[in-house]
Amino acid sequence: MKNKKHQQFIALYESVHARFEKYCLANAYGDMPHKDLLNESLLVAYQKFDTIENKNSFLSYLIGIARRLLSNANKKKKAEAMTDEVLLMTGSEEKEIEKKFEIDFLYESLAKLPEKQREALVLFELTGFSIKEIMEIQKSGESAVKQRLARARKSLAEIIQSANSYKKNS
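Residues numbered from 1 in each chain as written. Predicted model: local features only at pLDDT ≥ 70, side-chain atom pairs only at ≥ 80, totals over all residues. Heavy atoms only, no water.

(A) Looking closely at the overall build of the protein chain. Each helix and strand in the protein chain was counted, giving 8 helices and 0 strands. Counting from the amino terminus, helix and strand elements in the protein chain follow one another as α-α-α-α-α-α-α-α. A buried classification covers 34% of the 170 residues belonging to the protein chain. For the protein chain, the exposed area adds up to about 11,100 Å²; of that, 52% sits on carbon and sulfur atoms. (Helix = DSSP H or I, 4+ residues; strand = E, 2+ residues; numbered from the N terminus. Buried < 20%, exposed > 50% of the residue type's maximum accessible area, 1.4 Å probe, protein only. Areas by Shrake-Rupley, 256 points an atom, 1.4 Å probe, with all protein chains shown as cover.)

(B) Up close: the environment of Lys112. Note on placement: Lys112 falls in the loop between helix 5 (94-111) and helix 6 (115-126). In this structure the C-alpha to C-alpha distance between Lys112 and Ser155, which are 43 residues apart in sequence, comes to 9.0 Å.

(C) Quick look at the nonpolar core. Ranked by size, the top nonpolar core spans 39 residues in total, and within it Tyr13, Phe20, Tyr23, Phe58, Leu62 and Ile63 carry the most contacts. Every element with two or more residues in this core is listed here: helix 1 (2-28), helix 2 (34-47), helix 3 (58-73), helix 5, helix 6, helix 7 (131-138) and helix 8 (142-169). Looking at this core element by element, the count peaks at 8 residues for helix 1. Residues within four places of Ile63 in sequence aside, it is in contact with Phe20, Tyr23, Leu123, Phe129 and Ile137. (Core = buried A, V, L, I, M, F, W, Y, C linked by side-chain atoms within 4.5 Å. Contact = heavy atoms within 4.5 Å.)

(D) Main features of the environment of Gln147. As for its placement among the helices and strands, Gln147 is situated in helix 8. Residue class for Gln147 comes out partly exposed when judged on its relative accessible area of 37%. Between the C-alpha atom of Gln147 and that of Ala120, which follows or precedes it by 27 residues, the distance is 9.8 Å.

(E) Highlighting unusual backbone geometry. Even without glycine at this site, Lys139 takes up a positive phi of about 50 degrees. Mapped onto the fold, Lys139 is located in the loop between helix 7 and helix 8.

(F) Seen up close, the packing of helix 6 against helix 7. Running from amino to carboxyl end, helix 6 crosses helix 7 at an angle of 140 degrees, the nearest separation of the two axes being 10 Å. In this structure, helix 6 meets helix 7 at a crossing whose hand is right-handed. For the pair helix 6 and helix 7, the contacting residues are Lys116, Glu119, Ala120, Leu123 and Phe124 in the first and Ile131, Ile134, Ile137 and Gln138 in the second. (Axes fitted to C-alpha atoms, helices over the stretch in contact; angles between N-to-C directions. Left-handed = near helix turned anticlockwise from the far one by under 90°.)

(G) Structural detail: the confidence of the model for the protein chain. Looking at the protein chain as a whole, its pLDDT mean stands at 82, while 84% of the residues score no less than 70. Taken as a whole, residues 74-87 scores under 50 in pLDDT and shows 21 contacts with residues more than four places along the chain or in a different chain. (pLDDT = per-residue confidence, 0-100.)

(H) Up close: the side chain of Ser140. Here Ser140 shows up in the loop between helix 7 and helix 8. In terms of polar contacts, Ser140 uses its side chain to reach the side chain of Arg148, at 3.0 Å. Leave out the neighbours within four places in its chain, and Ser140 touches Met135, Val145 and Arg148. (Polar contact = N/O pair within 3.5 Å; in protein donor to acceptor, adjacent residues only side chain to side chain.)

(I) The arrangement of helix 7 in detail. Every buried residue of helix 7 is listed here: Ile131, Ile134, Ile137 and Gln138. Taken around the axis of helix 7, the buried residues stretch over an arc of 120 degrees, which confines them to a single face. Relative to its buried face, helix 7 has exposed residues pointing more than 90 degrees away, namely Lys132 and Glu136. (Arc of directions from axis to C-beta.)

The following block contains the structure:
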């Protein structure tokens, strides 16, 4: 029985792994390591696997767990300009380092958005959820999700523009 549960869980998780990892990476940035969020979410999901009514919405179930873990963490740290990963990288080509800085800058910028806007943008743009799926996850109407996406895009563009103009003036 336990082996069957394990096999079912693994099968469901393998089909959503990439999308869930992207979600964790983008939403945990600045609050906690994304792998911690991912692993803690999986642990909770596995422990409560028998209680899932609709296995078809397993990804939504995982995201719900991750959201609760993030909000319970209460670690509202400001994102740093460079991550430890970048500092520890050695022997990488200049383009790889530049790409890492750009990705880090994107996540830093995303972390500055309001939580609901950031989550909607990450779900739509990075993990490929539809508006309908985001409505379900955020328990909101279609117009609210679309408004969050529009505001998030506008705010993100302003944050990036502001940072770029600051760099030019420095």
